[in-house]
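These are the residues of each chain, in order.
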Amino acid sequence: MLDADFFRRWMTATAASVDREAERLTALDSPIGDADHGSNLQRGFTAVAAELEKEAPRTPGAVLTLAGRQLISTVGGASGPLYGTLLRRTGKALGEASEVSEDQFAQALRAGVDAVMTLGGAAPGDKTMIDALVPAVDALGDGFAASRAAAEEGALATTPLQARKGRASYLGERSIGHQDPGATSSALLIAALAEAHGE
Ligand code: ADP
Ligand code: MG
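Residues numbered from 1 in each chain as written. Chains lettered and ligands numbered in written order. Predicted model: local features only at pLDDT ≥ 70, side-chain atom pairs only at ≥ 80, totals over all residues. Heavy atoms only, no water.

**Brief notes about the overall build of the protein**
Each helix and strand in the protein was counted, giving eight helices and two strands. When the helices and strands of the protein are placed in sequence order, the string is β-α-α-α-α-β-α-α-α-α. With respect to the three principal axes, the spread of C-alpha positions in the protein is 50 × 35 × 30 Å. Taking all 199 residues of the protein together, the buried fraction comes to 52%. Put simply, 67% of the contacts in the protein that link residues at least 6 apart link residues at least 24 apart. Just so you have it, the protein exposes about 8,700 Å², and 49% of that area is on carbon and sulfur atoms. (Helix = DSSP H or I, 4+ residues; strand = E, 2+ residues; numbered from the N terminus. Buried < 20%, exposed > 50% of the residue type's maximum accessible area, 1.4 Å probe, protein only. Contact = heavy atoms within 4.5 Å. Areas by Shrake-Rupley, 256 points an atom, 1.4 Å probe, with all protein chains shown as cover.)

**Brief notes about the layout of surface pockets**
Empty space among the atoms can be located by rolling a probe the size of a water molecule over them. Within this model, the largest pocket holds a volume of roughly 530 Å³. Lining of the largest pocket is provided by 27 residues; of these, A78, S79, L82, G166 and R167 occupy positions nearest its centre. Elements with a minimum of two residues in the lining of the largest pocket: α2 (37–55), α4 (79–94), α5 (102–120) and α8 (181–196). It is α5 that contributes the most residues to the lining of the largest pocket, three residues altogether. (1 Å grid on protein atoms, 1.4 Å probe; cavity = no way out; pocket = protein on both sides within 12 Å on 5 of 7 lines; lining within 4 Å. Points joined across faces, edges and corners; volume = space filled by probe spheres on them.)

**Brief notes about the coordination of the magnesium ion (ligand 2)**
At 2.1 to 2.3 Å from the magnesium ion (ligand 2) lie its protein donor atoms, namely D29 (OD), D34 (OD) and D36 (OD). On the accessibility criterion, D34 (33% relative accessible area) is partly exposed. (Donors = N, O, S within 2.8 Å, 3.2 Å for Na, K, Ca; no water.)

Dropping the structure here:
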């Protein structure tokens, strides 16, 4: 079973990873965006970690809804509302339980990813965070390590794609040949999940 402490570890591991990788994320956002993805997420997840320490929410659902709310209020770019929606919707789907099974979490994360697709209008293959998140959720039934591998593969597979959503889509064919920053940060988020689980 997964408890509130597990979800807190997921968020703090994500904050640490985003901190380490901020420069790389911003560098990826430079040829096909506006070079702010790393700093956006660094600001957001630093705020998430600080708020979780302050408020210490007691249920998995409360941890994720708090994190999502923080991202929405602190990240300026497109990714703030999208990641915020992902975590808030996943948290809402977990309800009030003090512990959730891995299956329940997989279903909740699926609801979160669906909400991101509804909000942003992106489908798999559009060269966005969805290209890492959908494979990650699809593989979650095989465990956290499998999910991490699928997310990483999905992020790498965005390189030859042409962007159809977000800022990178303004570049048309010139977006081809660059790995998507949001898919890359989504792979970090899922890697942190495996890390929080001890894998
Ligand atoms: P901004 O584009 O506002 O500068 P960021 O640089 O923080 O925001 O985030 C860019 C990332 O957000 C992209 O690499 C992409 O993965 C993701 N993204 C942008 N628009 C969408 C969308 N409509 N749906 C899903 N993901 C999106
Ligand atoms: Mg940007």
